[in-house]
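# What the coordinates show
Below are the chains, spelled out letter by letter.
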Amino acid sequence: MYQRLDFSHERDLNIDDLSRRLEAYYPDADFALLKKAYTFAEKAHSGQKRSSGEDYIIHPINVAGTLIKLKLDMDSIVAGLLHDVVEDCGVTPEEIEKEFSHNIAQIVVGLTKISKIKFKTKEESQAENFRKMVVAMAKDLRVIIVKLADRMHNMRTLQYVNEDKQKKIAKETLDIYVPLASRLGINSVKAELEDLCLRFLHPDIYYRLAEKVTMKKSERDNYIKEVIDHIQEKLLEYSLKADVKGRPKHFFSIYKKMIARGVDFEQIQDVLAFRVIVNNITECYKGLGIIHSSMTPIPGRFKDYIAIPKVNNYQSLHTTVIGPKANRIEIQIRTHDMDEVAETGVAAHWKYKEGMASGETRPDWVQELLEFNQNVENNNEFMAAVKSDLDVGGVFVFTPTGDVRELRYGATPLDFAYAVHTEVGNKCVGAKINGKMVPLKYTLKSGDTVEILTSKNQTPSKDWLSMVKSSRAKSKIKQYLLKIERDENKELGKEVLEKAFRVFGTSLKAVQKTGEFAKACEEFSVANAEDLFIQIGSGKYGPKEFINTIPSLKKEEDADDKIDELDSYTKKVTSTARKKSNKDNAVIVDGMDDLMVRMARCCNPIPGDPIVGYITRGRGITVHTATCDRIDSGDIGRNIDVNWNTEFSFKHPVNIRVITHDKPGILSNISKSITSIGVNIRSALAKSLPDRKGSFIFEIEVKDYSELLKVTGMIEGHEEVISVTRV
Ligand code: MN
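The rules behind the values
- Residues numbered from 1 in each chain as written.
- Predicted model: local features only at pLDDT ≥ 70, side-chain atom pairs only at ≥ 80, totals over all residues.
- Heavy atoms only, no water.
- Pairing = 2+ DSSP bridges.
- Helix = DSSP H or I, 4+ residues; strand = E, 2+ residues; numbered from the N terminus.
- Axes fitted to C-alpha atoms, helices over the stretch in contact; angles between N-to-C directions.
- Contact = heavy atoms within 4.5 Å.
- Phe/Tyr/Trp six-rings, centres within 6.5 Å; stacked < 30°, edge-to-face > 60°.
- Buried < 20%, exposed > 50% of the residue type's maximum accessible area, 1.4 Å probe, protein only.
- Lys NZ or Arg CZ within 6 Å of the ring centre and 35° of its normal.
- Core = buried A, V, L, I, M, F, W, Y, C linked by side-chain atoms within 4.5 Å.

This part takes up the sheet that holds strand S18 (residues 652-661). Two pairing modes exist for strands in a sheet, parallel and antiparallel, and in both the strands are linked by backbone hydrogen bonds. With respect to topology, four strands assemble into an open sheet ordered S19-S20-S18-S21, the strand pairing being antiparallel. Two strands lie at the open edges of the sheet, namely strand S19 (680-689) and strand S21 (721-726), each paired on one side alone. Sheet twist, expressed as the mean angle between neighbouring strand axes with direction ignored, is 20°. Note: S18 against S21, five bridges, orientation antiparallel. Bridge pairing links Thr 660 to Val 721 in S21. Contacting S18, S19, strand S20 (693-702) and S21, helix H28 (residues 666-676) crosses the sheet at an angle of about 20° to S20. Against the sheet, helix H29 (residues 705-716) makes contact with S18, S20 and S21, and its axis sits at roughly 165° relative to S21, the strand it touches most.

Here it is in structure tokens:
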């Protein structure tokens, strides 16, 4: 007979038991640290009770106990003892880091975050999101292992909470934690959780199965022994030494078979499972051959998970045979190593191993999973599966009330704000991430709690378009900007027409009352006056064109001139015109074409300089050199990506200071060499310095940085020159 690892609630478990059990596999563990964590947790939880009425500390002790059974490392065990102190006792992660270590604090923080998630069981997709999020948040998979141990103990003591809560937690466990345990290959935990879920979700079925499986126990035990002896005997005939074990399957797997085959318990014959553990892979196949030749195999039931391991690394040979007394029995054949993996999955990676220094840094877990599987051939398939399963498509963040939102990678608080509501987006002025103010450009990370700050005076601006990742946010911002543009155009168009009609000694209002206005609108195919204003304001039509379609207007002598003037004024101020002229900017601002851009005076960037845009309070953008110390690094949210427009050619004024030894004719010599390469000097300022030195400041015009370099090189070529600097 063999038992799975038993994680049952141990109400008398204490710190000395933990030490003793730890010592059994990890003799030189840091027992003082274990004791310290226990004392810390006990003090923090003092006065708190479990639903069972027991002191709270029994919970973390049991969680640590489970982790010790999984033979995990010190970080995990200590984190297990401390796992609820941040959430339930107001201890800060900083305190844990100070008292224990950074790694331990990180595991506890990860656990605290997971526990804050509000989970809606109804929605399948939410379950999937949740699972992905847990993985995304827990870059250190030990967080999930400790979480599983935590959940296991909560499930073990679920009888103490009310029925509603029992069902809710059991459902959540089945939806989330069972698949996680399965994916991570921690089958001992998975099986236990499944049975506990069955017990609370379908108590009738659970207790009927329990009764039937335990019924005729001695008879069954005798039968199990008979099968084991039979297998051992056959193996020994071929001198194959093996550990052979047998037991009833766990309830949930029987239940699943009943559901899958649509039959009752009585019709499920293969309720017993046997394991044959051998030393190597060759012996696995040899053992299979021996078993198949001594007991009749059931066709179609043989599975070779050694050649093709499951994605969670599970390896074993499975077969079902007709055993003694014509009972179907399932047999799994595997090596000792495979058996360990089957029981504890990825947890095996953090197992204490002899000779391993405590706190030794390990490669990240993906790497570990890779190495873990390096002796199997289908590595690529395995990695692909790990990736599709564990890599998540986006970031998962919380609202302040604990709701989960999935956003794209690189999403910012603005994306989040628009995901909540368009108005929240439009009015967003800033955000707090995990309680700290961040710039709007901040890149959200999974697990962040995002609080959006709004102001009724806020409106979206063009530069926001470069700060958002989601198409929803982009389209909402564009929508808003279009509306603003429409409104502005409408105003402008109306204003222009009013002026135009005044030229003719009448007013827009008066003309609107005549049938001619409506007729003219028809001719321009606009639906109404508003549309007309917008068309004129946008520059699509000039006021002159419109006026020409109204024959009754009496022209005064200079009307033509005035209208022409008005027309050219309109052309300059309409948005079409604005866009056109700004295409000629020296700098391109990330996809936007009609922003006010100007060069900062402090650093006066020229093409070729690395630059950064800085959003000024009045909507425009100032371009600084990337190294300019006037850019406030604390205000990074107002920076925007800008690039030099390579098609734009323009001479940029630059000042250079030249210090020389004072010699007659030097100014003229330098000036000549500058103009000799076709560079214009706008002005030159000369000053005498002590020690017979001179200082000149030239304002020159250059195309770009490389031209400037040419100039400075030229000047440095004069042997009187001491230094040349850009100012
Ligand atoms: Mn807990």
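Further remarks concern the packing of aromatic side chains. Inspection of the entire model under this criterion finds eight aromatic pairs. Each ring, one from Phe 40 and one from Phe 100, has its centre 5.5 Å from the other, and the planes form 85°; the classification is edge-to-face. With Phe 40 in helix H2 (residues 31-44) and Phe 100 in the loop between helix H6 (93-99) and helix H7 (102-116), this pair connects stretches of sequence that are 60 residues apart. On the basis of relative accessible area, Phe 40 is assigned to the buried category, the value being 18%. The side chain of Lys 36 reaches across the aromatic face of Phe 100, ending 5.1 Å from its centre. Above the face of the Tyr 56 ring, Arg 50 is positioned so that its terminal group lies 5.6 Å from the ring centre.

A separate point is the nonpolar core. Formed by 63 residues in total, the largest nonpolar core has its most connected members in Leu 18, Leu 22, Leu 82, Ile 96 and Met 155. With eight residues, the top contributor of residues to this core is helix H9 (residues 142-156). When sequence neighbours within four positions are dropped, the list of residues in contact with Leu 22 reads Ala 29, Phe 31, Leu 34, Ile 68, Met 74 and Ile 77. Counting residues in each nonpolar core, the second largest holds 39 residues, with Tyr 255, Val 271, Val 278 and Met 338 among its members.

Attention now goes to the environment of His 661. Structurally, His 661 is set in strand S18. Taking the C-alpha atoms as reference points, His 661 and Val 721, 60 residues apart in sequence, are found 6.5 Å from one another. Each residue touching His 661, except ones within four places of it in the same chain, is listed here: Arg 692, Lys 693, Glu 720 and Ile 722.

Moving on, we come to the pairing of strand S6 (residues 328-335). By the criterion of burial, S6 is predominantly enclosed, with seven of the eight residues buried. Bridge count for strand S2 (residues 272-278) against S6 is six bridges, and the pairing is parallel. Pairing of Arg 275 across the sheet is with Gln 332, part of S6. Here strand S5 (residues 317-322) pairs with S6 via six bridges, running antiparallel. Bridge assignment links Ile 322 to a residue of S6, and that residue is Arg 328.

In terms of residue burial, strand S15 (residues 621-625) counts as a mostly covered element, since five of its five residues are buried. Residues Ile 621, Val 623 and Thr 625 of S15 are buried on one face, and the alternating residues Thr 622 and His 624, pointing to the opposite face, are buried as well. Both strand S13 (residues 597-599) and S15 contribute to a ladder of three bridges, which runs parallel. Considered in S15, the bridge of Met 599 is made with Val 623. When strand S14 (residues 611-615) meets S15, the two strands line up antiparallel, connected through five bridges.

Within the element layout of this structure, Thr 214 appears in helix H12 (residues 203-214). In this structure the C-alpha to C-alpha distance between Thr 214 and Pro 248, which are 34 residues apart in sequence, comes to 9.1 Å.

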